[in-house]
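Letter by letter, the chains look like this.
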Amino acid sequence: DQLEPATASGVHHATQLPQNSLVLDVSNACLGLLNGMVFLANMIEMGQIRAGIVVGTEVGRDLVEGTIDDLLEDSTLTRKSIKNHFASLTIGSGSAAILLCDRKLSKTGHRLLGGSFQTDTSSHELCAGGVEAQKHGDHRPRMQTDSESLLVAGVNLAIPTWEATKTTLGWENEDVNQVFTHQVGKAHRKLLLDKLGLDPALDYPTVERLGNTGAAALPMAWALGIQDQILQDDAKIALLGIGSGLNSLMLGVQW
């Protein structure tokens, strides 16, 4: 887990990929893997590549332990001041990989159909993080999150994104057989699905076991759902991504 060189360089080396395969890091908070899917899909459609792998890893230990140390040292903490640190204590660690290929190479017939992207960058300061070595005395990341405002703003952005996604795909809510979401918490998931008019039973919750695993959260839930054999042939799957910034990317998959 490092900033320099790109983590993709280590992945390339460990997987012994050929020298002519492109090494590229794509990061957009909790949308990194979904952004990578769109990037690879576009390259495949343009004939630049025939297959690609999106890999995303979230390492939460330094953020969680650094936050705990800061809170223990702060003798001025109040119920109000601790709130912006609380989301940092819910961060989990995990990793996921997604393989995309030209349909002529596919052995499964699963298809990425498309989707829609919306943004509200007026909310870019609601969740912000980074390394402040001078302030904290170490190189562990810290994050400040206005969880309540982020919850409302994120769901408000998700509503038009979902409507645009349905228009792009030609779907209605009744067409959706399975949903995978970026899972911040139970309250967020409940409000999101309620506002989008989707049955909570369609979702595959993991946040209670794994915590908020950032960009890896949605594809990890998807992978575990596949492992648990919850997907039926020809199922229409909605991938509902929301990330700080605020950005929302939603994709449709035909299983």
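Thresholds applied
- Every chain is numbered on its own, with residues counted from 1 as its sequence reads.
- The model is predicted, so local features are restricted to residues of pLDDT at least 70 and side-chain atom pairs to those at 80 or more, both for listing and for counting; the totals for chains, interfaces and linings are taken over all residues.
- Hydrogens and water are ignored here; the side-chain numbers use all heavy atoms of the structure.
- What counts as a helix is a DSSP run of H or I of at least four residues, what counts as a strand is a run of E of at least two, and both are numbered from the N terminus.
- In this treatment the radius of gyration is a C-alpha quantity, and the globule benchmark scales as 2.2 Å times the residue count to the 0.38 power.
- Think of it in three bands: residues with accessible area under 20% of the maximum for their type are buried, residues over 50% are exposed, and the middle band is partly exposed, with areas taken using a 1.4 Å probe on protein chains only.
- A contact between two residues is defined here by any heavy atoms of the two lying within 4.5 Å.
- The accessible surface values rely on the Shrake-Rupley method and a 1.4 Å probe; as for residues, cover is taken only from the protein chains in view.
- In this count, Lys and Arg are taken as positive residues and Asp and Glu as negative ones, while His and the chain termini are left out.
- Throughout, a charge is located at the NZ atom of Lys, the CZ atom of Arg, the CG atom of Asp or the CD atom of Glu.
- We treat two strands as partners when DSSP finds at least two bridges between them.
- The axes used here are C-alpha line fits, helices contributing only the stretch in contact, and every angle between their N-to-C directions lies in the interval 0 to 180 degrees.
- Put simply, a patch holds well-exposed residues, over 30% relative accessible area, that have no salt bridge, with like charges counted together within 9 Å and Val, Leu, Ile, Met, Phe, Trp or Tyr side chains within 5 Å.
- For this analysis, a salt bridge means a side-chain nitrogen from Lys or Arg found within 4 Å of a carboxyl oxygen belonging to Asp or Glu.
- By convention a nonpolar core is built from buried Ala, Val, Leu, Ile, Met, Phe, Trp, Tyr and Cys residues, the set being connected through side-chain atoms within 4.5 Å.
- In this scheme Phe, Tyr and Trp rings, the latter by its six-membered ring, pair at centre separations within 6.5 Å, and the angle between planes marks the pair as stacked below 30 degrees, edge-to-face above 60, and tilted otherwise.
- Crossing handedness: left-handed means the near helix sits turned counterclockwise from the far one by under a right angle, and right-handed means the same turn made clockwise.

S.K.: Looking at this model, I keep getting lost on the overall build of the protein chain. Mind explaining?
M.R.: When its secondary structure is counted, the protein chain shows nine helices and eight strands. Here the C-alpha radius of gyration of the protein chain, 19 Å, is about what a compact globule of 255 residues would show, namely 18 Å. Buried positions account for 42% of the 255 residues belonging to the protein chain. When contacts within the protein chain are restricted to residue pairs at least 6 apart in sequence, long-range pairs at least 24 apart make up 68% of them. Roughly 14,500 Å² of accessible area belongs to the protein chain as shown, and the carbon and sulfur atoms make up 52% of that amount. When the 19 basic and 29 acidic side-chain charges of the protein chain are each reduced to a single mean position, those positions are 4 Å apart.

S.K.: How should the sheet that holds strand S7 (residues 236–243) be read in this particular structure?
M.R.: Backbone-to-backbone hydrogen bonds pair the strands of a sheet. The strands run either parallel or antiparallel. The sheet built from four strands is open, its strands ordered S3-S8-S7-S6 with mixed pairing. Every interior strand has two partners, whereas the edge strands, strand S3 (111–119) and strand S6 (178–181), have only one. Each strand axis lies, on average, 15 degrees off the axis of its neighbour in the sheet, ignoring direction. Sheet topology places S7 next to strand S8 (residues 247–254); eight bridges connect them, and they run antiparallel. Among the inter-strand pairings, Gly 243 is bridged to a residue of S8, identified as Asn 247.

S.K.: What exactly am I supposed to notice about a nonpolar patch on the surface here?
M.R.: Judged by side-chain polarity, Leu 22, Leu 24, Val 26 and Phe 39 come together as a nonpolar surface patch covering roughly 350 Å² of accessible area. Along the chain, Leu 24 falls in the loop between helix H1 (7–14) and helix H2 (32–45).

S.K.: Please explain the nonpolar core as it appears in this structure.
M.R.: Most often, soluble globular proteins have nonpolar side chains that are buried together. Within the largest apolar cluster, 27 residues are counted, with the highest numbers of intra-cluster contacts made by Leu 34, Met 37, Leu 100, Phe 180, Trp 222, Ile 237 and Leu 239. Among the secondary structure elements, those contributing two or more residues to this core are H2, strand S2 (94–101), helix H9 (217–227), S7 and S8. No other element matches the six residues that H2 contributes to this core. If near-sequence neighbours (up to four positions away) are discounted, Phe 180 is found in contact with Asp 203, Tyr 204, Leu 218, Ala 221, Trp 222, Gly 225, Ile 230, Leu 231, Ile 237, Ala 238, Leu 239 and Leu 240. Ranked by size, the runner-up nonpolar core spans 16 residues in total, among them Leu 169, Trp 171, Leu 192 and Ala 238.

S.K.: I keep staring at the environment of Gly 241 and nothing clicks. Help me out?
M.R.: Relative to the elements of secondary structure, Gly 241 occurs in strand S7. For Gly 241 and His 182, which are 59 residues apart along the polypeptide, the C-alpha to C-alpha distance reads 5.4 Å. Non-local contacts of Gly 241, meaning those with residues more than four positions away in its chain, are made with Leu 31, Leu 34, Leu 218, Asn 247, Ser 248, Leu 249 and Met 250.

S.K.: Looking at this model, I keep getting lost on the packing of aromatic side chains. Mind explaining?
M.R.: Think of a pair of aromatic rings as described by two things: how far the centres are apart, and how the planes are tilted against each other in angle. Taken as a whole and judged by the stated rule, the model has three aromatic pairs. Ring geometry for Phe 180 against Tyr 204: centres 6.3 Å apart, planes inclined by 55 degrees, an arrangement best described as tilted. Of the two residues, Phe 180 sits in strand S6 while Tyr 204 sits in the loop between helix H7 (186–196) and helix H8 (207–210), which places them 24 residues apart along the sequence. Across the pair, exposure class does not vary: Phe 180 and Tyr 204 are buried alike. Site record: aromatic cluster; members linked through ring pairs are Phe 180, Tyr 204, Trp 222 and Trp 255.

S.K.: Sorry if this is basic, but what is going on with the side chain of Thr 181 here?
M.R.: Tracing the backbone shows Thr 181 in strand S6. Look at Thr 181 and you get buried, because its relative accessible area is 1%. Those residues in contact with Thr 181 that sit more than four places away from it in its chain are Arg 189, Leu 192, Leu 193, Asp 203, Leu 218 and Leu 240.

S.K.: What's the story with the packing of helix H6 (residues 147–169) against H7 in this structure? I'm lost.
M.R.: Describing two packed helices takes the angle between their axes plus the distance from one axis to the other. Contact geometry of H6 with H7 gives a least axis separation of 10 Å together with a crossing angle of 35 degrees. Note on packing geometry: the crossing formed by H6 with H7 is right-handed. Across the interface between the two elements, Leu 151, Val 155, Ala 158, Ile 159 and Trp 162 of H6 pack against His 188, Leu 191, Leu 192, Lys 195 and Leu 196 of H7.

S.K.: Explain unusual backbone geometry here, please?
M.R.: Note on backbone geometry: most residues besides glycine have negative phi, and most peptide bonds are trans. In this structure, Leu 246 follows Gly 245 across a cis peptide bond, with omega equal to -20 degrees. Note on placement: Leu 246 falls in the loop between S7 and S8.

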